[in-house]
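The chain contents come next:
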Amino acid sequence: QVQLVESGGGLVQAGGSLRLSCAASGRTFSTYAIGWFRQAPGKEREFVAGINSSGRMTYYGDSVKGRFTISRDNAKNTVNLQMNSLKPEDTAVYYCAADSLRDIVVVRNPDYWGQGTQVTISS
């Protein structure tokens, strides 16, 4: 069992930065791949970034490539999403999710979800 709690969301102006964190409970966190997703009102959920269990491999969606960076610290059971050069279209609820397929970077069917954190970018 893995419980995920996101934090770090908020309201920032376009061009600004935010750092989201996903804190996990459970001794097996280091065996899970982690993905960040987002969902804006009226839109489908979008996969943003993923990282495999060791942290050596990452993946980014085209909409965030070059602006977002995903990283993890297995000793602290955390995964971070550094978001730079934010745009109004990045506004959404951001979720982290854990997948037991440890070596994937594109998370499609995660086993566990966090509750989400709101990110709002003003123009």
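That block above? That's the structure.
Right, let's walk through the structure included here. What you see is a predicted model, and the numbers here were worked out from it, not measured in a lab.

1. With respect to the pairing of strand β1 (residues 3–7)
- Along β1, the buried face is formed by Leu 4 and Glu 6; none of Gln 3, Val 5 and Ser 7, which line the opposite face, is buried.
- When β1 meets strand β3 (residues 18–25), the two strands line up antiparallel, connected through five bridges. In the sheet register, Gln 3 faces β3, and the bridge partner there is Ser 25.

2. Thoughts on the state of the cysteines
- Taken as a whole and assessed by the stated rule, the structure comprises one disulfide.
- Residue Cys 22 pairs covalently with Cys 96 via a disulfide, S to S 2.1 Å. Because the torsion about its S-S bond is 65 degrees, the bridge between Cys 22 and Cys 96 counts as right-handed. Residue Cys 22 is found in strand β3, and its partner Cys 96 is found in strand β9 (residues 92–99); the two are separated by 74 residues along the sequence.
- What makes Cys 22 buried here is its relative accessible area of 0%.

3. Here we look at the pattern of salt bridges
- A full pass over the atoms with the stated rule returns four salt bridges.
- Across the salt bridge formed by Asp 62 and Lys 65, the nearest N and O atoms sit 3.2 Å from each other.
- We note a salt bridge from Asp 90 to Arg 67, for which the minimum N-O separation is 2.7 Å. Of this pair, Asp 90 sits in the loop between β8 (78–83) and β9 while Arg 67 sits in the loop between β6 (58–60) and β7 (68–73), and the two are 23 residues apart along the sequence.
- Using a relative accessible area of 1% as the deciding quantity, one classes Asp 90 as buried.
- Using a relative accessible area of 10% as the deciding quantity, one classes Arg 67 as buried.
- Each of the salt bridges in this network shares a partner with another, and the network as a whole consists of Arg 38, Glu 46, Arg 67 and Asp 90.

Parameters at a glance
- Residues numbered from 1 in each chain as written.
- Predicted model: local features only at pLDDT ≥ 70, side-chain atom pairs only at ≥ 80, totals over all residues.
- Heavy atoms only, no water.
- Buried < 20%, exposed > 50% of the residue type's maximum accessible area, 1.4 Å probe, protein only.
- Helix = DSSP H or I, 4+ residues; strand = E, 2+ residues; numbered from the N terminus.
- Pairing = 2+ DSSP bridges.
- Disulfide = S-S within 2.5 Å.
- Salt bridge = Lys/Arg side-chain N within 4 Å of Asp/Glu carboxyl O.

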